[in-house]
Amino acid sequence: MRKQNEFRCHPPVISSAGWGAGNNDKREGNDPPAEQKTSVYGEGIWRSAVLALTCLLLLAVPNALGASNNNNSKLSPTLQTMVSTGDPSTVVDVIAQYGVAPQQQHISRVTNRGGSSKQHLPVIQSEAYTVPLSKVPDLANDPDVSYVSLDNKVKLTGSTNWDPSMQAINADIASGYGYDGTAVGIAIVDSGIYTHPDLSSNSRSNNSRVVYNQSFVPGDNSTADAYGHGTHVAGLALGNGQSSDNYLYNYIGLAPNANLVNLRVLDKNGVGSDSAVIAAINQAISLKSKYNIRVLNLSLGRPVYESYTQDPLCKAVEKAWSAGIVVVVAAGNYGRDNSMGTYGYGTITAPGNDPYVITVGAIDADDPNPANDSIASYSSKGPSLIDHIVKPDIVASGNMIVSLLAPNTTLVVSNPTLDVFPCNWNDTVCSARYGNPMYFTLSGTSMAAPMVAGTAALMIQKDSTLTPDLVKARLMKSAFKNFPLHSTVEDALGNVYQEEGDIFTYGAGVLDAAAALKNTDKGTGSALSPTAVYNSKTNTISLSQTTIKSTSVLWGTSVLWGTSVVWSSNEFVGGTSVLWGSSVLWGTSTSTSSGDDNSCSVLWGASTVNTKSKTTYGMSDSDPGDAPSKSNNRGH
């Protein structure tokens, strides 16, 4: 799912999609020209078929062959349906079979009506044309034409044209292992879900995989997506890509046959409240057995105001975790925030600051090889405020990601340039000329989280006995760790960011869906994210196991789960010690002469607590994301 832009959100609990309309990272891809944003999906199903075509066969029939003598019996069943229900201005690719060898006069009849010849097919006395849908009946009325059908795209059996953002996390390889999320329930706590064709039970089926809907938005019982964020998130986790035949890529989610539980908590502006999110989490726990809810995705968050041990949002996600549900949370989109001189460190949002959950940051997957990609400039970095929990736990593709479009929603209407349109027959032009957009581009950690959630669903389908802790541990251990130690990133406004490849930026590494599925490591205990402890004498940060009451911790209990195995062992993450010298981040001006000191810099003090709005919001509005191909990785 690629071709996106990052988006940004601020203080209310919003989605973590990449900071939606608020970010400014630019990226190319299948971002079609803003020709026109038309229609709604009422006409969408047949349009999806139209997208499967590319060029249109336009017939220029002599006046004697007027539209009044339409001969629909010469049209294939699909074309008949399109002609009777479709937008007449849509262009389609067709093959016209003639009773005689087609001559220039036949071709001229088509070109005179606005069509064009695409290919001569003498072996079957036919001509391939690109024409407006309104002219197809005229073509059929040509007495020399015997039959007209669509010029359908032909693909290798079982092959899928994966976009680079999915290849970067090895989703294409994982799809070949035979798992698709069947019978696993994924609860999406977000802005609601639009009834997109890609959320149906299988390709070409109208049976929805959305098995439950409920709204927790005060005064609004609708479970539809009014903001446009929840549908996009859902597509990344479990969309089946059936509408993407005529697109540059096949936009398929990680678990394309999993079931979806829609729990709406964000309004049309992408804003919600702690209480709504907590109520939705409670409902997910209650419905766990009925719908086999094993994964909960929260692409939303808000600033940290208190310790995770007191925060009601964190307590709620811990309840879900202890109930056997893998909780995946977006890290936040504040990585560019340098208001306190911390270069985006310490900006993880709640409940991503909780040590139990899997907190996901975002990379700009401009290259299928993650070694050549960089961290997204907006991706929030750890450690968490107050408790100093090491976050994020893992990162995944999040910049300029293409997924499902929910028509007439706030994000879509406000950002027409982010629409992704179908293409012509050879994928050289993608625009409104070839049909209405079924996909949309967003950027942010909101996009990265559902990729991890979808992978977790595949792991659970393979082995239903997996606990949330083992899912988290396997994901982190199998993550790609050869990420760049330094990178230069540019956003859409031309702002340049120097990024470090450290543990508070990448966590355990980049999601590798295939490696996570293949991992069979076992273990007992909790996979609590560790705590960062600052030592002012040596100016270093060390990792300490986070313990809660009598809970045993998986990390460090054996060579299998040693910290140097789960986290990268390079100069920035050397086993248990993290060095920063005398950088402004940790500073020395207020350091003391004794041992561990958690108050020596702005990051470690309570003074950094954000006391603004306590609203929950989606982590993706309409920021265009980071500029493509701008990273300058200087080593590994």
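Just above sits the structure.
The sections below set out a description of the structure shown in this document. (Residues numbered from 1 in each chain as written. Predicted model: local features only at pLDDT ≥ 70, side-chain atom pairs only at ≥ 80, totals over all residues. Heavy atoms only, no water.)

Right, let's talk about the overall build of the protein for a bit. In terms of regular secondary structure, the protein is built from 16 helices and 26 strands. Relative to its 636 residues, the protein shows a buried fraction of 62%. In the protein, 83% of the contacts between residues at least 6 apart in sequence involve partners at least 24 apart. Surface accessibility of the protein: about 21300 Å² in total, with carbon and sulfur atoms responsible for 49%. (Helix = DSSP H or I, 4+ residues; strand = E, 2+ residues; numbered from the N terminus. Buried < 20%, exposed > 50% of the residue type's maximum accessible area, 1.4 Å probe, protein only. Contact = heavy atoms within 4.5 Å. Areas by Shrake-Rupley, 256 points an atom, 1.4 Å probe, with all protein chains shown as cover.)

Following the criterion strictly, the structure yields one disulfide and no others. Across a sulfur-sulfur distance of 2.0 Å, C423 and C430 are joined as a disulfide pair. Taking the sign of the S-S torsion, 90 degrees for the link of C423 and C430, the bridge is right-handed. Judged by its relative accessible area of 14%, C430 is buried. (Disulfide = S-S within 2.5 Å.)

The next point concerns helix α3 (residues 104-111). Think of an α-helix as turning once every 3.6 residues; residues three or four places apart then point the same way. Taken together, the buried positions of α3 are occupied by H106, I107, R109 and V110. Buried residues of α3, viewed axially, fall in a sector of 150 degrees; they line one side. Lining the buried residues of α3 we find β4 (91-98), β5 (116-121), β6 (126-132) and α4 (136-140). (Arc of directions from axis to C-beta.)

Our focus in this paragraph is the sheet that holds strand β19 (residues 419-420). Strand order in the open sheet formed by three strands is β18-β20-β19, with antiparallel pairing between adjacent strands. With one partner strand each, in any of the chains shown, β18 (401-404) and β19 form the two edges of the open sheet. Pairing analysis gives four bridges linking β18 to strand β20 (residues 439-442), with the strands arranged antiparallel. What sits directly across from I401, in β20, is L442. (Pairing = 2+ DSSP bridges.)

At a closest axis distance of 9 Å, the pairing of helix α8 (residues 274-286) and helix α10 (residues 312-322) adopts a crossing angle of 10 degrees. On the basis of their axis angle, the class for α8 and α10 is roughly parallel. Judged by residue contacts, D274, V277, I278, I281 and I285 of α8 engage P312, L313, A316, V317, K319 and A320 from α10. When its residues are assigned to classes, the contact of α8 with α10 shows nine nonpolar, no polar and two charged. (Axes fitted to C-alpha atoms, helices over the stretch in contact; angles between N-to-C directions. Parallel < 35°, antiparallel > 145°, perpendicular 65-115°, else oblique. Nonpolar A, V, L, I, M, F, W, Y, C, P; charged D, E, K, R; others polar.)

Interhelical geometry of helix α12 (residues 445-462) versus helix α13 (residues 468-478) gives an angle of 115 degrees and a closest axis separation of 11 Å. Crossing of α12 against α13: the hand is right-handed. Where α12 abuts α13, its residues V452, T455, A456, M459 and I460 lie against V471, R474 and L475. Of the residues contributing to the contact of α12 with α13, the split by class is six nonpolar, one polar and one charged. (Left-handed = near helix turned anticlockwise from the far one by under 90°.)

Keep in mind these values describe shape, not function.
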